[in-house]
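Examination of the molecular architecture
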Amino acid sequence: MRLLLVEDDTMIGDAVREVLRAEGFAVDWVRDGAAADSVLGSETFDLVLLDLGLPRLDGVEVLRRLRARRNTTPVLIVTARDAVQDRIAGLDAGADDYVLKPYDLDELLARIRALIRRSHGQADSVREIHGLRLNPITHEALRLSPDGAAPTPIQLSAREWAVLEVLMARPGVVYSRAQIEDKLYGWKDEVSSNAVEVYIHGLRKKLGNAVIETVRGLGYTMPRDDTP
Ligand code: CA
């Protein structure tokens, strides 16, 4: 999942980016409103974490312009605890939710996960598919046993998990290699040309071939699971 962090405070931005990366998100960071407006006009993100007090262009104005372009990317605004009016202005301008500064990082992560989940039309974050149970919160993959025995944990690398998360968010949707890379890496990360193939190969070895299908010339998909 790819997040845009809009934050002018270097210390806060550094800390938040660190936490988000540790959770497996690809994070791009801009430090003023004009830069945010420009990048949101040309690139797609799974969520925007938007500070409201920003140089060059106010956060609320960034949000207004985004929604005026009919862009429905989930936006989580960040405001000071006492700035009730800002919060209201942000929500009225089309924000989906807000968090208060100073951040409670666990709460921030929970709100981000909830918004991404909702934007994918899922009420529940845990998915059971192809005999596996996948939990995006704990990053756990478990193989379910048909005879009711305890499920077996499967060890995945952070990158393997990130690829899996993209595919499992919307079973049946085909993602090209470029689309997966996009969600996997921030601007400054080096992408080796066959990285996605390597992660897919690793996932198939660990999860079984049925979990990820190659659609020739198009990309990859997690087939819908038709078993009741
Ligand atoms: Ca600020």
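These numbers were taken from a predicted model, which means no experiment stands behind them.

On to the pairing of strand β4 (residues 75-80). The element β4 is largely enclosed, with a buried count of five among its six residues. Pairing of strand β3 (residues 47-51) with β4, which is carried by four bridges, proceeds in the parallel orientation. Bridging across to β4, L50 finds its partner in I77. Handedness of the crossover is the feature at issue here: the chain leaves β3, passes through helix α3 (residues 59-68), returns alongside β4, and the resulting connection is right-handed. In this region the chain leaves β4, passes through helix α4 (residues 84-92) and returns to the parallel neighbour strand β5 (residues 97-101); the handedness of that crossover is right-handed.

When the terminal C-alpha atoms of helix α1 (residues 10-22) are compared, their 18 Å separation across 13 residues agrees well with the 18 Å that a helix rising 1.5 Å per residue should span. Taken together, the buried positions of α1 are G13, V16, R17 and L20. End-on, the buried residues of α1 take up no more than an arc of 100°, which puts them together on one face. Every exposed residue of α1 that faces more than 90 degrees away from the buried side is listed here: M11, E18 and A22. Each element contacted by the buried residues of α1 is listed here: β1 (2-6), β2 (26-30), β3 and α5 (105-119). Positioned one or two residues after α1, G24 has a phi angle of 95°, which is positive.

Now for the layout of surface pockets. Empty space among the atoms becomes apparent when a probe as large as a water molecule is rolled across them. A volume near 340 Å³ is recorded for the largest pocket. F45, D46, H120, R170 and K183 are the residues nearest the centre of the largest pocket, which is lined by 18 residues in total. Every element with two or more residues in the lining of the largest pocket is listed here: α6 (158-169) and α7 (177-184). Two domains each donate at least three residues to the lining of the largest pocket, and these are domain 1 (2-119) and domain 2 (127-221).

Our focus in this paragraph is the coordination of the calcium ion. Within the protein, the calcium ion binds to D8 (OD), D51 (OD) and G53 (O); these donor distances fall in the range 2.1 to 2.3 Å. Each donor residue of the calcium ion belongs to the same chain, with the gaps between them written as D-x42-D-x1-G. Here D8, found in the loop between β1 and α1, pairs with G53, found in the loop between β3 and α3; they are 45 residues apart in sequence, far enough to count as distant.

This brings us to the sheet that holds β4. An order of β2-β1-β3-β4-β5 is seen for the five strands of this open sheet, with the pairing classed as parallel. With one partner strand each, in any of the chains shown, β2 and β5 form the two edges of the open sheet. On average, each strand axis in the sheet is tilted by 20° relative to the strand beside it, whichever way the strands run. Pairing analysis gives five bridges linking β4 to β5, with the strands arranged parallel. Considered in β5, the bridge of T79 is made with L100. The sheet contacts of α4 involve β4 and β5, and relative to β4 the element is tilted by about 165°.

Buried residues dominate β3, accounting for five of its five residues. Side chains L47, L49 and D51 of β3 all project onto a buried face; the interleaved residues V48 and L50 project onto the opposite face, where all are buried too. Alignment of β1 against β3, held across four bridges, turns out to be parallel. Its bridge partner being in β3, V6 is matched across the sheet by L50.

Following the criterion strictly, the structure yields 20 salt bridges and no others. Across the pair R133 and E128 runs a salt bridge whose closest N-O atoms are separated by 2.7 Å. The partly exposed category is assigned to R133, whose relative accessible area is 30%. Across the salt bridge formed by K206 and E160, the nearest N and O atoms sit 2.8 Å from each other. Of this pair, K206 sits in helix α8 (residues 195-207) while E160 sits in helix α6, and the two are 46 residues apart along the sequence. For E160, a relative accessible area of 8% gives the class buried. Each of the salt bridges in this network shares a partner with another, and the network as a whole consists of D37, E61, R64, R65 and R69.

Cut-off values and rules
- Residues numbered from 1 in each chain as written.
- Predicted model: local features only at pLDDT ≥ 70, side-chain atom pairs only at ≥ 80, totals over all residues.
- Heavy atoms only, no water.
- Buried < 20%, exposed > 50% of the residue type's maximum accessible area, 1.4 Å probe, protein only.
- Helix = DSSP H or I, 4+ residues; strand = E, 2+ residues; numbered from the N terminus.
- Pairing = 2+ DSSP bridges.
- Right-handed = clockwise from strand over helix to strand, strands pointing away.
- Expected span 1.5 Å × (residues − 1).
- Arc of directions from axis to C-beta.
- Contact = heavy atoms within 4.5 Å.
- 1 Å grid on protein atoms, 1.4 Å probe; cavity = no way out; pocket = protein on both sides within 12 Å on 5 of 7 lines; lining within 4 Å.
- Points joined across faces, edges and corners; volume = space filled by probe spheres on them.
- Domains from an automatic or database assignment.
- Donors = N, O, S within 2.8 Å, 3.2 Å for Na, K, Ca; no water.
- Axes fitted to C-alpha atoms, helices over the stretch in contact; angles between N-to-C directions.
- Salt bridge = Lys/Arg side-chain N within 4 Å of Asp/Glu carboxyl O.

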